[in-house]
Amino acid sequence: MPICAPSSDSTSSASGSRAWIVHGLVLGAAAAAAAAAAYLYRRPSGFRSRAVGIIPARFASSRFEGKPLAHILGKPMIQRTWERVMLASSLDHVVVATDDVRIADCCRGFGADVIMTSESCRNGSERCCEALQKLGKSYDIVVNIQGDEPLIEPEIIDGVVMALQRAPDAVFSTAVTSLKPEDASDTNRVKCVVDNQGYAIYFSRGLIPSNKSGKVNPNYPYLLHLGISGFDSKFLMMYPELPPTPLQLEEDLEQLKVLENGYRMKVIKVDHDAHGVDAPEDVEKIEELMRARNIQ
């Protein structure tokens, strides 16, 4: 049985840029305030204790071909992302999963472990699933970090891992941050709504929630989904076998297949003002932000 279903078609950060986990991990205003003030990951000894970070990367992209190899201030984007991921204290191992030899050679050149995966993987989650099987080691949590997140904070990764460790009823965890007003109508910026216990209700490329006026409410705390997902490893092995769902296909969002099949997803809210690279014009924006933060 094929692992992937047949295809249907820096290491440094400026002061104050740490992302504090303030939602979905703790209950009660006092506890939330304490977590926001001082977050420290502590590796557990029991439930879901072993975690691996996998960075799926492909060369082909309709919006930005060769994106992982695009240079950001002199380094390939995939290297920038890998360097940030390596700072996460919750991960026992980090690998890049790709089907392209150019990306593999680049990653091995800067010291990353690489797993070669099939071209038939339809998305990053399926690529992570295949990479997990090929690793041949036992992990409880798999964190899928998109390779186009060169400024991802390691604290966000640790928070996503902790969210799964503290929510045994969830099989998936992810992170959101405040949506900038200028991104409200951008379909490349995925929005999210959560319930009052920090579980995902829905994700959309459109603005959610919507109101009767059809306009952005400047007083509403809209949420932007970040390019990171934590999977219970047993669920990840099931994920490719779940049939595509209508909402997943309509929105072109992998996480909707999880929700449509009735599984629970824990969401943490973090402070993160840099989004991923979706198009070539985003590279300059990221470089400007890195210069402002003195990130080399």
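Criteria and cut-off values
- Residues numbered from 1 in each chain as written.
- Predicted model: local features only at pLDDT ≥ 70, side-chain atom pairs only at ≥ 80, totals over all residues.
- Heavy atoms only, no water.
- Helix = DSSP H or I, 4+ residues; strand = E, 2+ residues; numbered from the N terminus.
- Areas by Shrake-Rupley, 256 points an atom, 1.4 Å probe, with all protein chains shown as cover.
- Salt bridge = Lys/Arg side-chain N within 4 Å of Asp/Glu carboxyl O.
- Buried < 20%, exposed > 50% of the residue type's maximum accessible area, 1.4 Å probe, protein only.
- Core = buried A, V, L, I, M, F, W, Y, C linked by side-chain atoms within 4.5 Å.
- Contact = heavy atoms within 4.5 Å.
- Expected span 1.5 Å × (residues − 1).
- Pairing = 2+ DSSP bridges.
- Right-handed = clockwise from strand over helix to strand, strands pointing away.
- Phe/Tyr/Trp six-rings, centres within 6.5 Å; stacked < 30°, edge-to-face > 60°.
- Lys NZ or Arg CZ within 6 Å of the ring centre and 35° of its normal.

K.L.:
Mind showing me how you'd approach the overall build of the protein here?
P.N.:
In terms of regular secondary structure, the protein is built from 9 helices and 11 strands. Carbon and sulfur atoms form 52% of the exposed surface of the protein, whose accessible area is close to 13400 Å².

K.L.:
Help me understand the pattern of salt bridges, please; the structure alone is not making it clear to me.
P.N.:
Oppositely charged side chains can form a pair if their charged atoms are brought close together. Following the criterion strictly, the structure yields 14 salt bridges and no others. For the salt bridge of Arg48 with Asp232, the shortest nitrogen-to-oxygen distance reads 3.1 Å. A residue pair is termed long-range when its members are at least 10 positions apart, and Arg48 in the loop between helix H1 (29-37) and strand E1 (51-57) and Asp232 in strand E10 (residues 223-232) qualify at 184 residues. In this pair, the class of Arg48 matches that of Asp232, namely buried. Residues Asp92 and Arg50 are paired through a salt bridge, measuring 4.0 Å at the closest nitrogen-oxygen approach. Pair noted here: Asp92 is in the loop between helix H2 (77-85) and strand E4 (93-98) and Arg50 is in the loop between H1 and E1, with a separation of 42 residues, a long-range link. Look at Asp92 and you get partly exposed, because its relative accessible area is 34%. Judged by its relative accessible area of 34%, Arg50 is partly exposed.

K.L.:
Please clarify how the nonpolar core should be interpreted in this entry.
P.N.:
For soluble globular proteins, the rule of thumb is that nonpolar side chains tend to be buried together. Counting residues in each nonpolar core, the largest one holds 35 residues, and the members touching the most others are Leu91, Ile157 and Ile228. Elements with a minimum of two residues in this core: E1, H2, E4, helix H3 (101-109), strand E6 (141-145), helix H5 (154-166), strand E7 (170-178) and E10. By residue number, the principal contributor to this core is H5, which donates 6 residues. Apart from residues no more than four positions distant in its own chain, Ile228 is found in contact with Val143, Asn144, Ile145, Ile156, Ile157, Val160, Ser173, Thr174 and Ala175.

K.L.:
Help me out: how do you make sense of H5 in this one?
P.N.:
Counting along an α-helix, one turn takes 3.6 residues, and residues three or four places apart therefore face a common direction. Its 13 residues give H5 an end-to-end C-alpha distance of 18 Å, which sits within 8% of 18 Å, the value for a rise of 1.5 Å per residue. H5 sits mainly inside the fold: 12 of its 13 residues count as buried. Those residues of H5 that fall on the buried side of the exposure criterion are Pro154, Glu155, Ile156, Ile157, Asp158, Gly159, Val160, Val161, Met162, Ala163, Leu164 and Gln165. Where H5 is buried, its residues meet E1, H2, E6, E7, E10 and strand E11 (264-269).

K.L.:
Before we go on, may I ask you to explain unusual backbone geometry in this structure?
P.N.:
Comment: phi is negative for the bulk of residues other than glycine, and the bulk of peptide bonds are trans. The amide bond that connects Ile208 to the next residue, Pro209, takes the cis arrangement and shows omega of -5°. In this fold, Pro209 is placed in the loop between strand E9 (200-204) and E10.

K.L.:
Just checking my understanding: could you explain the environment of Asn217 for this structure?
P.N.:
Its location among the elements puts Asn217 in the loop between E9 and E10. On a C-alpha basis, the gap between Asn217 and Pro181 in space is 9.3 Å, while along the polypeptide they are 36 residues apart. Discounting chain neighbours no more than four positions away, the residues touching Asn217 are Asn211 and Tyr222.

K.L.:
Would you mind showing me how to read the environment of Arg80 here?
P.N.:
Position of Arg80 relative to the elements: it lies in helix H2. The exposure class assigned to Arg80 is buried, which follows from its relative accessible area of 1%. Sequence-wise, Arg80 and Pro68 are 12 residues apart; in three dimensions their C-alpha atoms are separated by 9.6 Å.

K.L.:
Please explain the pairing of strand E5 (residues 113-116) as it appears in this structure.
P.N.:
Working note: regular strand, side chains alternate between the two faces of the sheet. Across 4 bridges, the pairing between E4 and E5 is parallel. Counted as the bridge partner of Val95 is Asp113 from E5. As for the winding sense of the linkage, the β-α-β connection from E4 through H3 to E5 is right-handed.

K.L.:
Mind showing me how you'd approach the packing of aromatic side chains here?
P.N.:
Aromatic ring pairs are described here by two measures, namely the spacing of the ring centres and the angle between the planes. For the structure shown, the criterion picks out 7 aromatic pairs. Centre to centre, the rings of Trp82 and Phe110 are 5.2 Å apart; their planes meet at 50°, and the pair counts as tilted. Remark: Phe110 occurs in the loop between H3 and E5 and Trp82 occurs in helix H2; sequence separation between them is 28 residues. An angle of 55° between the planes, with centres 4.9 Å apart, marks the rings of Tyr220 and Tyr222 as tilted. These aromatic residues form a ring-pair network of at least three members: Phe172, Phe231, Phe235, Tyr239 and Tyr263. The residue whose ring lies beneath Arg264 is Tyr199, and the NZ or CZ to ring-centre distance is 3.6 Å.

K.L.:
Any chance you could explain the pairing of E6 here in plain terms?
P.N.:
The buried fraction of E6 amounts to 5 of the 5 residues, a majority that puts the element mostly inside the structure. Going residue by residue along E6, you find Ile141, Val143 and Ile145 tucked away on one face and Val142 and Asn144 tucked away on the opposite face as well. Examined bridge by bridge, E1 and E6 share 4 bridges and lie parallel to one another. Pairing of Ala51 across the sheet is with Ile141, part of E6. Two elements, E6 and E10, share 5 bridges in a ladder whose sense is antiparallel. Bridge pairing in E10 places Ile145 opposite Ile228.

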